[in-house]
Amino acid sequence: TPVMHSRFLVALTLGMGLALSAPSSFAKPNKADAAAAKKALAQGKKHEGKKDWEAARDAYQKSLELNDSPSTRLRLVKVEEKLGNLVDAFEHLRVALENKKLNFAQRRGADRSLKSLGKRIPSLRLELPGGFDGKVTIDDEEVSENERIEPVHVNPGTRVVRAEAEGFLPFKESFELAEGEEKVVTVLLTEKPKEKAAPAPVKAEAKSSGSQRTLGYISLAVGGAGLVVGGAMGLAARSTRSELDSS
């Protein structure tokens, strides 16, 4: 029987009356599957006795794939709780209660456990900007538009909420959730800064000929000044000689 195995995110309706849909029948396994399921169950019990919870979970899940026994599923509930996977434990309890093979004592205990477990599961309520049409994830698992309306039930521990929308910078918030905690995550989006257009290249004007002409004018001006100075000095010299001769 397929069961949601998400370790971090499942939107649940906590309550037996509104529980998620479950299989209505549990097929009887053939002899080979029944034998393999029994072997896997024994391995799970062995790992559970050693408190090797992950190995026990894998063994119980293998057993359930071959033979969906409510007793095995109740053992898996205990292991998932030890691993902190309260959402999965809740779902396994819900499925076990749908199994007609569950005896009265087991059913009564599972029902109490379900109600108790539901109170321990943390929840997140997402507050999104008006008109938001982007993507929201919790621990890299996308939250659908329908799931965003109601509180999303998650496992306790470190959770990460991300949101992305076109034209905005990515949003990210990481936090710790305790058992039974209810948290509101307000998604704030900041517009991406607009890219400034690169300035158009400016063509450099050819100034070489003008520079040459300017230098030529300066040279001529200097040369002309030299001629003037030289002529003045020559006249001054001749005047001086004339004055000396007359004296």
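Note that this is a predicted model, so its numbers are computed, not measured. Per chain, the residues get numbers from 1 upward, laid out in the order the sequence is written. Local features in a predicted model are, by the rule used here, given only for residues with pLDDT of at least 70; side-chain atom pairs are given and counted only at 80 or more, and totals for whole chains, interfaces and linings are based on all residues. In computing side-chain properties, one takes all heavy atoms of the structure into account and sets aside hydrogens as well as water.

J.: Provide a residue-level description of the sheet that holds strand E4 (residues 152–153), including the pertinent values.
T.: Two strands qualify as a pair provided that DSSP identifies no fewer than 2 bridges between them. Only runs of H or I of at least four residues qualify as helices and only runs of E of at least two qualify as strands under DSSP, and these elements are numbered from the N terminus. An order of E4-E1-E7 is seen for the three strands of this open sheet, with the pairing classed as mixed. Taken across any chain shown, the strands that pair with only one partner, and hence form the sheet edges, are E4 and strand E7 (182–186). Bridge analysis of strand E1 (residues 123–127) against E7 gives five bridges, and the strand direction is parallel. Bridge pairing links serine 123 to glutamate 182 in E7.

J.: Tell me about the nonpolar core, and please be specific about residues and values.
T.: Here, nonpolar core means buried Ala, Val, Leu, Ile, Met, Phe, Trp, Tyr and Cys residues that are tied together by side-chain atoms lying within 4.5 Å of each other. Whether a residue is buried, partly exposed or exposed follows from its accessible area with a 1.4 Å probe, protein chains only, as a fraction of its type maximum: under 20%, in between, or over 50%, in that order. Membership of the largest hydrophobic core comes to 16 residues, with the highest contact counts inside it found for Leu124, Val136, Ile138, Val161 and Val185. With three residues, the single largest contributor to this core is strand E6 (residues 171–177).

J.: Mind laying out the pattern of salt bridges, listing which residues take part and the relevant values?
T.: Counted as salt bridges are all cases of a side-chain nitrogen of Lys or Arg within 4 Å of a carboxyl oxygen of Asp or Glu. A complete count under the given rule lists eleven salt bridges for this structure. For the salt bridge of glutamate 81 with arginine 120, the shortest nitrogen-to-oxygen distance reads 2.7 Å. One end of the pair, glutamate 81, is in helix H3 (residues 70–82); the other, arginine 120, is in helix H5 (residues 104–120), with 39 residues separating them in the sequence. Here arginine 120 falls in the partly exposed class, since its relative accessible area comes to 25%. Between aspartate 111 and lysine 115 there is a salt bridge, with the nearest N and O atoms lying 3.8 Å from each other. Placement of both aspartate 111 and lysine 115 in helix H5 is noted, with a separation of four residues, approximately one turn of the helix. On the basis of relative accessible area, aspartate 111 is assigned to the partly exposed category, the value being 26%. With a relative accessible area of 54%, lysine 115 lands in the exposed category.

J.: So what about the environment of valine 95? Which residues, and what values?
T.: Position of valine 95 relative to the elements: it lies in helix H4 (residues 86–98). The sequence separation of valine 95 and leucine 74 amounts to 21 residues, and the corresponding C-alpha distance is 9.8 Å.

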